[in-house]
Amino acid sequence: CRNLGIPTVYYFYNPLMFTVNFWVPIHLQTMRTNAILTGTKHMKNKILESNFYTADQVTAVGDVFSQDLGDTQDPGARSQLHESLGIGSDTKIVLLLSSYLGTDVTLEKKQRFFTQIFNAVRELPNTRVVVKAHPNETVESVNRQLNEWGLAAPVLHTVGLRDLLPSVELECMMFSQAGLE
């Protein structure tokens, strides 16, 4: 489009450090749009450090999804989640996002991370871990891993992550490129 004289704008909202340090330079070198909109001032600064764009070409506009979360949050969702898990409404939930095993996530790393999170949560009063299975995992496979590691928690799979976030106090993940960060 740019070669044809058509103005182009790219919206880059993912503020994850891995993404900023790894993907942004690749995108900037290949895309060369007329302007970039970013989700955060941090990302704007990282893009400007690359020297591919000037300050007047990069604008931090915020996360477009954050407004959606606020507008679509069901006021009864938190109590429904607690009820479906069979835990008291005053119990705080730490949502632990499970990771699919691959190059970056080995079974040993995953076990170490899960064990650290479970141990930390045990120290917090009235707090419970709930595991959200990765889309490529099954509830059975995550339960099997938890059992082998001597850990126990409800495992969710079909509930959307964006639907869960407003109902939990803390979300923990080992590694993700989902744009959630």
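The rules behind the values
Residues numbered from 1 in each chain as written. Predicted model: local features only at pLDDT ≥ 70, side-chain atom pairs only at ≥ 80, totals over all residues. Heavy atoms only, no water. Phe/Tyr/Trp six-rings, centres within 6.5 Å; stacked < 30°, edge-to-face > 60°. Helix = DSSP H or I, 4+ residues; strand = E, 2+ residues; numbered from the N terminus. Buried < 20%, exposed > 50% of the residue type's maximum accessible area, 1.4 Å probe, protein only. Pairing = 2+ DSSP bridges. Core = buried A, V, L, I, M, F, W, Y, C linked by side-chain atoms within 4.5 Å. Salt bridge = Lys/Arg side-chain N within 4 Å of Asp/Glu carboxyl O. Expected span 1.5 Å × (residues − 1). Arc of directions from axis to C-beta. Contact = heavy atoms within 4.5 Å.

Engineer: Run through the packing of aromatic side chains, naming residues and quoting values.
Structural biologist: A complete count under the given rule lists 1 aromatic pair for this structure. Summarising the aromatic geometry, the rings of Phe114 and Trp149 are spaced 5.7 Å apart at their centres and angled 70° between planes, so their arrangement reads as edge-to-face. Of this pair, Phe114 sits in helix H5 (residues 107-122) while Trp149 sits in the loop between helix H6 (139-148) and strand S6 (155-156); the two residues are 35 residues apart in sequence, bridging distant segments of the chain. The exposure class assigned to Phe114 is buried, which follows from its relative accessible area of 1%.

Engineer: Run through the sheet that holds S6, naming residues and quoting values.
Structural biologist: The sheet built from 4 strands is open, its strands ordered S6-S5-S4-S7 with parallel pairing. Two strands close off the open sheet at either side, each with one partner strand: S6 and strand S7 (170-173).

Engineer: Mind laying out the nonpolar core, listing which residues take part and the relevant values?
Structural biologist: Counting residues in hydrophobic clusters, the biggest one holds 17 residues, and the most contacted among them are Leu96, Phe114, Ile117, Phe118, Val129, Val131 and Leu146. Those elements that provide at least two residues to this core are strand S4 (92-97), H5, strand S5 (127-132) and H6. For this core, the element with the most residues is H5, which contributes 5 residues.

Engineer: Residue-level account of the pattern of salt bridges, with values.
Structural biologist: Taken as a whole and judged by the stated rule, the model has 2 salt bridges. The shortest N-O distance in the salt bridge between Arg78 and Glu169 comes to 2.8 Å. In this pair, Arg78 sits in helix H4 (residues 77-85) while Glu169 sits in the loop between helix H7 (161-164) and S7, placing the two residues 91 residues apart along the sequence. For Arg78, a relative accessible area of 25% corresponds to the partly exposed category.

Engineer: For H5, give the residues involved together with the corresponding values.
Structural biologist: Here H5 is 16 residues long and its end C-alpha atoms lie 22 Å apart, about the 22 Å a rise of 1.5 Å per residue gives. The set of residues buried in H5 consists of Lys110, Phe113, Phe114, Ile117, Phe118 and Val121. Projected down its long axis, H5 carries its buried residues within an arc of 130°, all on one side. Turned more than 90 degrees off the buried face of H5, the exposed positions are Glu108, Arg112 and Arg122. Residues of H5 that are buried in the fold lie against S4, S5, H6 and S7.

Engineer: Just give me the short version of the pairing of strand S2 (residues 35-38), but keep the residues and values in it.
Structural biologist: Of the two faces of S2, the one lined by Ile36 and Thr38 is fully buried and the one lined by Ala35 and Leu37 carries no buried residue. With 3 bridges connecting them, S2 and strand S3 (residues 58-60) associate as parallel partners. Paired with Thr38 across the two strands is Ala60, which belongs to S3.

Engineer: Residue-level account of H4, with values.
Structural biologist: Taken together, the buried positions of H4 are Ala77, Leu81, His82 and Leu85. In a view along the axis of H4, the buried residues occupy a sector of 135°, so they form one face of it.

Engineer: I'd like a rundown of the environment of Cys172, residues and numbers included.
Structural biologist: Topologically, Cys172 is positioned in strand S7. For Cys172, a relative accessible area of 12% puts it in the buried group. On a C-alpha basis, the gap between Cys172 and Leu95 in space is 6.2 Å, while along the polypeptide they are 77 residues apart. If we ignore the near neighbours within four places in the chain, the residues touching Cys172 are Val94, Leu95, Leu96, Leu97, Phe113 and Ile117.

Any functional reading would require information that these geometric values do not contain.
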